[in-house]
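So the chains spell out like this:
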Amino acid sequence: MTTAQGGLARVSGPSGPSWTARFRGRVARTVPPGQALPDRQPAYVASAIYVFGVLTLAAFVVVLVTGGVLAIGGSVWWHTSGLGHFTNSTHLWSVELFFAFMVIHLWGKFFMAAWRGKRALTWMTGVVCFLASIGTAFTGYLVQSNFDSQWISTQAKDGLNSVGVGAFFNVLNPAQMLLWHVVLLPVVVGIITVLHLVLVRRHGVVPPIGEEEGA
């Protein structure tokens, strides 16, 4: 069904509004109006401690891009090509910065009691994202295809076998670890990151202790 309104046509199917209208309604119910991409923030956001969240996100984007290029090029390329060496180094250092920024962000929010004001789920998704990122980095070390990755995998297998997960998470299987590192764990981290950002936009950034909300 199509209805005209102000020179525009509104399309709805036999079951109701179109999927775009339903999606827009879901976003409006999830995030308050004007908070999805706000152009104004409280004055306390000017503090440097609030920068590390977006720095973590920026480093994560670089990790994904360089990791995608490495996956396309393959292990021979990143070991023998000058551009491969550069991309591999960029990937490594973006991961180092990602964890450095994330740890500072995590500790900063911990000492600010960032779970205040109905933000407990926001805090928990951040912690879970950190833990999932550790697993992603671990599998990254295992797929370097050099002596370093061989040493790490042989040392890790005994610990994993002792807790009974070695049959499902075989660190001596480079192909399995590559799929965990390139496909499964990045998807998990990405989904948790999106959920974390939505919660931040929904409840707003946490104010410093003693600061009024919206000041």
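Refer to the structure presented above.
This is a predicted model, so every value here is computed, not measured. (Residues numbered from 1 in each chain as written. Predicted model: local features only at pLDDT ≥ 70, side-chain atom pairs only at ≥ 80, totals over all residues. Heavy atoms only, no water.)

*Asks:* Please clarify how the packing of aromatic side chains should be interpreted in this entry.
*Replies:* The way to describe two aromatic rings as a pair is by their centre distance and the angle between their planes. Following the criterion strictly, the structure yields 13 aromatic pairs and no others. Ring centres of Phe98 and Phe99 lie 5.4 Å apart, and the angle between their planes is 85°; on these two criteria the pair is classed as edge-to-face. Residue classification places Phe99 among the buried positions, given a relative accessible area of 18%. Clustering of aromatic rings is evident, with ring pairs tying together Trp107, Phe110, Phe111, Trp115 and Trp123. (Phe/Tyr/Trp six-rings, centres within 6.5 Å; stacked < 30°, edge-to-face > 60°. Buried < 20%, exposed > 50% of the residue type's maximum accessible area, 1.4 Å probe, protein only.)

*Asks:* Any chance you could explain the packing of helix H2 (residues 52-73) against helix H7 (residues 174-203) here in plain terms?
*Replies:* Packed helices, taken two at a time, are described by the angle between their axes plus the distance between the axes. Look at H2 against H7: their axes get within 12 Å of each other, and the N-to-C directions meet at 155°. Relative to H7, the element H2 is oriented roughly antiparallel. Between H2 and H7 lies a crossing whose hand is left-handed. Side by side, H2 and H7 meet where Leu57, Phe60 and Ala71 of the first sit next to Val182, Val189, Gly190, Thr193 and Leu197 of the second. Across the contact of H2 with H7, the residue classes tally to six nonpolar, two polar and no charged. (Axes fitted to C-alpha atoms, helices over the stretch in contact; angles between N-to-C directions. Helix = DSSP H or I, 4+ residues; strand = E, 2+ residues; numbered from the N terminus. Parallel < 35°, antiparallel > 145°, perpendicular 65-115°, else oblique. Left-handed = near helix turned anticlockwise from the far one by under 90°. Contact = heavy atoms within 4.5 Å. Nonpolar A, V, L, I, M, F, W, Y, C, P; charged D, E, K, R; others polar.)

*Asks:* Would you mind going over the pattern of salt bridges with me for this structure?
*Replies:* Pairing of side chains with opposite charge becomes possible as their charged atoms draw close. Applying the stated criterion to the full structure yields one salt bridge. The partner of Lys157 in a salt bridge is Asp158, and the shortest N-O contact between them spans 2.9 Å. Residue class for Lys157 comes out partly exposed when judged on its relative accessible area of 26%. Using a relative accessible area of 47% as the deciding quantity, one classes Asp158 as partly exposed. (Salt bridge = Lys/Arg side-chain N within 4 Å of Asp/Glu carboxyl O.)

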